[in-house]
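Here's the letter readout for the chains.
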Amino acid sequence: MKAIHYSRNGSPEVMEYGDLPDPEVGSDTVLIAVEWISIEGGDLLNRLVTPPPHTPFIPGYQAAGTVSAVGKAVTRFKPGDRVIGFNWNGSHAELFAVPEHYAYPVPDDLDLRLAALIPVAFGTAHDSLFEYGDMKPGDFVLVQGAAGGVGLAAVQFASRAGATVIGTASSRERLERIVPFGLHHGIDYRTEDIAARCKEITQGKGVDLVLDLAGGQGKDALMSAVKPHGRYAVIGAATGTLPSFTFFELIRKALHVVGISFGRDMHTPRVHALLADITRQFTEGHLQMPVAAEFTLANAVEAHRHVAGEHPFGRVLMRVGA
Ligand SMILES: NC(=O)c1ccc[n+]([C@@H]2O[C@H](COP(=O)([O-])OP(=O)(O)OC[C@H]3O[C@@H](n4cnc5c(N)ncnc54)[C@H](OP(=O)(O)O)[C@@H]3O)[C@@H](O)[C@H]2O)c1
């Protein structure tokens, strides 16, 4: 099969396009003939900082396509079924092998192109807010990185659930584009003081829940913005750098910090039911995710460069074939 692979961490240029052996079909494998691949924020972070556990390493968490083969223990899928797959790597390829518990059916009336971007973005946002972030109606929720995939999903869920949603992005123009998704207050993280703006918006109280998708130096401003006894969901590091918390800053704020690892929950019946419901809402038009750009798999270097450097609004997709 054709696949993207790399053997060391680095910029998009470490990736190569070439021939690799087809994945093996184990007893619980659902083998997907990939049509659309969603480039996830984690795909970029892994390429930058996670040493490849084996080489050549095929990156990529998520893709949608048609089942081409199943292992003998698989009960929920058969060849020809339309499916979205998740795995810890391997989606940047013509064939993507996922365990059955990481495969999710695609309804007949949903394009595979859009199905490809649903589980990680929407599931992570939902779990960060509700399962682990304990969000309640009336909360002030601060989404750091609101114009990206997880961020736009979080803005939609939080505003629909009755939060006042504060979001950050790299320009006023981008913030204006988030307003129709449910954003109440936008902060340009490049030019504005996040902590001061949050203090003003919450009338000195501080935000109830922070969703940190960016990591990096911005974490200190988010720590100032959150209220005492508030909640801080550690989700990602889109800046490419992973900051630390000190004992004292957690004690001083009596802070609840929760780490999010959605992939650890994606096999569970709870998440399967959640994703089925989210997929239904998406199909019915109640949830949206803009597709900022499309590339072919062969042009993955360019696609990753675009995500890393061009501030796409929403998701960037790759398709298999021309
Ligand atoms: N823990 C989990 O289970 C889990 C699940 C999914 C994703 N993640 C992680 O979450 C992060 C976001 O994922 P994603 O898919 O939403 O990525 P994405 O679509 O690439 O979006 C990243 C966002 O980060 C923002 N950003 C970059 N630098 C920033 C800064 N200095 N301050 C504030 N915001 C900044 C960008 O905003 P601008 O373009 O406006 O600059 C962009 O909107 C990634 O690190 C990913 O690995 C974690």
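Residues numbered from 1 in each chain as written. Predicted model: local features only at pLDDT ≥ 70, side-chain atom pairs only at ≥ 80, totals over all residues. Heavy atoms only, no water.

A. Geometry of the overall build of the protein. Looking only at helices and strands, the protein has 10 helices and 15 strands in total. Looking at the 322 residues of the protein, the share that counts as buried comes to 54%. Partitioning the intrachain contacts of the protein with sequence separation of at least 6 by distance along the chain shows that 68% fall at a separation of at least 24. Accessible area for the protein stands at about 13,600 Å²; split by element, carbon and sulfur atoms hold 53% of it. (Helix = DSSP H or I, 4+ residues; strand = E, 2+ residues; numbered from the N terminus. Buried < 20%, exposed > 50% of the residue type's maximum accessible area, 1.4 Å probe, protein only. Contact = heavy atoms within 4.5 Å. Areas by Shrake-Rupley, 256 points an atom, 1.4 Å probe, with all protein chains shown as cover.)

B. Main features of the site of the ligand. Close contacts around the ligand come from 27 residues, with Y189, I260, F262, H311 and R315 the closest. Within the backbone of G41, an N or O atom sits 3.0 Å from an oxygen atom of the ligand. At a separation of 2.9 Å, a nitrogen atom of the ligand approaches a polar backbone atom of I235. Computed on the free molecule, the ligand has an accessible area of 930 Å², of which 86% lies beneath the protein chains in the complex. Considering only residue class, the shell around the ligand consists of 13 nonpolar, 12 polar and two charged. A domain-level breakdown of the shell around the ligand finds at least three residues from each of domain 1 (2-117 + 289-319) and domain 2 (121-262). (Near = heavy atom within 4 Å. Polar contact = N/O pair within 3.5 Å; in protein donor to acceptor, adjacent residues only side chain to side chain. Nonpolar A, V, L, I, M, F, W, Y, C, P; charged D, E, K, R; others polar. Domains from an automatic or database assignment.)

C. Expanded view of the environment of G215. Turning to its location among the elements, G215 is positioned in the loop between strand 11 (207-212) and helix 7 (219-225). G215 sits in the buried class, given a relative accessible area of 3%. As for G215 and I235, which are separated by 20 residues in sequence, their C-alpha atoms are 8.3 Å apart. If we skip the residues at most four places from it in the chain, G215 touches G236, A237, T239, T241 and P243.

D. Structural detail: the nonpolar core. F122, L129, V143, I178, L211 and M266 are the most contacted members of the largest nonpolar core, which totals 82 residues. For this core, the element with the highest residue contribution is helix 4 (residues 149-160), accounting for seven residues. Composition of this core by domain shows at least three residues from each of domain 1 (2-117 + 289-319) and domain 2 (121-262). Setting aside residues no more than four positions away along its own chain, L129 makes contact with D134, M135, V141, A154, F157, A158, L209 and L211. (Core = buried A, V, L, I, M, F, W, Y, C linked by side-chain atoms within 4.5 Å.)

E. Just the packing of helix 3 (residues 119-131) against helix 9 (residues 269-283), in detail. Contact geometry of helix 3 with helix 9 gives a least axis separation of 10 Å together with a crossing angle of 115 degrees. Here helix 3 lies roughly perpendicular to helix 9, going by the angle between them. Crossing angle aside, the handedness with which helix 3 passes helix 9 is right-handed. Facing helix 3, whose interface residues are P119, F122, G123, H126, D127 and E131, helix 9 presents R270, V271, L274, L275, I278 and F282. (Axes fitted to C-alpha atoms, helices over the stretch in contact; angles between N-to-C directions. Parallel < 35°, antiparallel > 145°, perpendicular 65-115°, else oblique. Left-handed = near helix turned anticlockwise from the far one by under 90°.)

F. Fine view of the UniProt feature "domain: Enoyl reductase (ER)" (unreviewed entry) in the protein. The sites that carry the UniProt feature "domain: Enoyl reductase (ER)" (unreviewed entry) are, in the present numbering, residues 10-318. Between the C-alpha atoms that bound residues 10-318 there is a distance of 20 Å. The span itself is 30% helix and 26% strand. (UniProt positions renumbered as here; feature names shortened; annotations may be inferred.)

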